[in-house]
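# Observations on the three-dimensional arrangement
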Amino acid sequence: MNFATCLLAFSIAAANPSFADQQIVIATTGGTWERQMREHFFDPFTKETGIKVVTVSGTGAENVARVKAMVATGKIEWDLYQAGEIQAASDLHRTLNEDMTAFCADYLADKDLLPDACNRSGVLSGYGTTLMVYNTESFPKGGPSNWRDFFDVERYPGPRALPNFNDPWRVMAAALLADGVEPKVLFPLDVDRALKKLNDLRPHVGLWWKTGDQSTQGFRTGEYVIGQIWQTRAAALKQEGQPLAWRQDQAFLVGDRWALIKNAPNRDNAIRFLRYFLDHPDAQAKVCEALVCTPARNSAAMAMGEAARAMVPTSPEVFDRLIKPDAEWINANTQLLIERWNEWNQQ
């Protein structure tokens, strides 16, 4: 190849986004979720487009705090991150992230997508649950069935695990359900009643976890034998061969959305990734089969194995038993919930 040909080839590569030294930066919560996304989305996307996917990881609350700081200073370093479904419906989310209405217009007629899978707040990554898990070796005759059992330390002795990452509504809701509140009148949450119920359980909490990795490691090390954790992490433990079982009864339905940060430095590449994500139901199926989640596309759900499909939280046999949070109330009262939670933790 002569010099002129080499120069032409270099010029084409520099002008073509498939060959240029381009990237997107995605904030994740790390662990199993990131590994699955790397295998089925990030690396294949890079192979097809030449766009490198750089990841940074932190807790959901940490990632939102970083995004908030970036937007405030105008120094945006990331492009995409995972926003919880409840947070994605908040006014704060809309001040930090791009309105995706125009992007979603291309998918309005796509009947294969779950309802509202693409909206102004972002693109649905998947649905899952926060649920109760237990060690089957600790309870060989059968484990707890609901949140009332979770709080019954006499019938089901052993250390508990609960999350503690500035999003306390799930813990409070579990306490209220354990105290006899009916799911249909769960919201608005009675915070005083919830914290009073939690006072009884506090001496039996062996692990207050802040990340999904902590929740899985705590089960392996025996820091808890009954816990409230994400189903994605429960599924990962089960696949390791850990002696674990879970209950969908009164599990909390949650989801995550891809959020595109305002003035993202690699916006065009991020848009390209979102289209890639929506256009690959086979990869969605593989991720959700591994994590036991419900993908954004019906065809992806149908491509999952029968065992995984039976466990996903939106299957008809379990959906009616799930707790659907009141996002509007939670967003309106987030500061109050956090303040009361922090006060209780410091007592």
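Refer to the structure above for everything that follows.
In this text, all values refer to a predicted model and were calculated from it rather than measured experimentally.

## Side note on the overall build of the protein
Within the protein, the secondary structure is distributed over 18 helices and 9 strands. Against the compact-globule benchmark of 20 Å for 347 residues, the protein has a radius of gyration of 22 Å, which places it among compact chains. Here the C-alpha coordinates of the protein stretch approximately 80 × 40 × 40 Å along the principal axes. Within the protein, contacts between residues separated by at least 24 positions form 72% of all contacts whose residues are at least 6 apart in sequence. Seen as two clouds, the 36 positive and the 42 negative side-chain charges of the protein have centres 2 Å apart.

## Details of the environment of Q231
Relative to the elements of secondary structure, Q231 occurs in helix α11 (residues 231-240). With a relative accessible area of 1%, Q231 lands in the buried category. Between the C-alpha atoms of Q231 and V312, which are 81 residues apart in sequence, the distance is 9.4 Å. Once residues lying within four places of it in the same chain are set aside, the contact partners of Q231 are T129, L131, W246, Q248, L291, V292, M311 and P313.

## With respect to the packing of aromatic side chains
To describe a pair of aromatic rings, you give the distance between the ring centres and the angle between the ring planes. Scanning the model with the defined rule gives 24 aromatic pairs in all. Arranged with centres 5.9 Å apart and planes meeting at 50 degrees, the rings of W33 and W258 form a pair that is tilted. Of this pair, W33 sits in helix α2 (residues 31-49) while W258 sits in strand β9 (residues 244-260); the two residues are 225 residues apart in sequence, bridging distant segments of the chain. Look at W33 and you get buried, because its relative accessible area is 12%.

## Concerning the nonpolar core
Within the largest apolar cluster, 61 residues are counted, with the highest numbers of intra-cluster contacts made by M37, F41, F103, W258 and F273. Of all hydrophobic cores here, the second largest spans 39 residues; its members include Y134, F139, W169 and A173.

## Concerning the pattern of salt bridges
Throughout the structure, instances matching the rule amount to 20 salt bridges. D167 serves as the salt-bridge partner of R170, at 2.4 Å between the closest nitrogen and oxygen. Residue R170 is classed as buried on the basis of its relative accessible area of 8%. One salt bridge connects D179 with K197, and the closest N-O pair in it is separated by 3.9 Å. In this pair, D179 is assigned in the loop between α8 (169-178) and α9 (191-201) and K197 in helix α9, connecting sequence segments 18 residues apart.

## Considering the state of the cysteines
Cysteine pairs can be covalently joined through their sulfur atoms, and such a bond is termed a disulfide. Tallying each qualifying case throughout the model produces 2 disulfides. The partner cysteine of C104 in its disulfide is C118, sulfur to sulfur 2.1 Å. An S-S torsion of about -80 degrees defines the bridge between C104 and C118 as left-handed. One end of the pair, C104, is in helix α6 (residues 101-104); the other, C118, is in strand β4 (residues 118-119), and 14 residues separate them in sequence. Take C104 and C118: they sit in the same class, and that class is buried. With a sulfur-sulfur separation of 2.1 Å, C288 is cross-linked through a disulfide to C293.

Cut-offs and rules
- Residues numbered from 1 in each chain as written.
- Predicted model: local features only at pLDDT ≥ 70, side-chain atom pairs only at ≥ 80, totals over all residues.
- Heavy atoms only, no water.
- Helix = DSSP H or I, 4+ residues; strand = E, 2+ residues; numbered from the N terminus.
- Rg over C-alpha atoms; globule rule 2.2 N^0.38 Å.
- Contact = heavy atoms within 4.5 Å.
- Lys, Arg positive; Asp, Glu negative; His and termini not counted.
- Charge placed at Lys NZ, Arg CZ, Asp CG, Glu CD.
- Buried < 20%, exposed > 50% of the residue type's maximum accessible area, 1.4 Å probe, protein only.
- Phe/Tyr/Trp six-rings, centres within 6.5 Å; stacked < 30°, edge-to-face > 60°.
- Core = buried A, V, L, I, M, F, W, Y, C linked by side-chain atoms within 4.5 Å.
- Salt bridge = Lys/Arg side-chain N within 4 Å of Asp/Glu carboxyl O.
- Disulfide = S-S within 2.5 Å.

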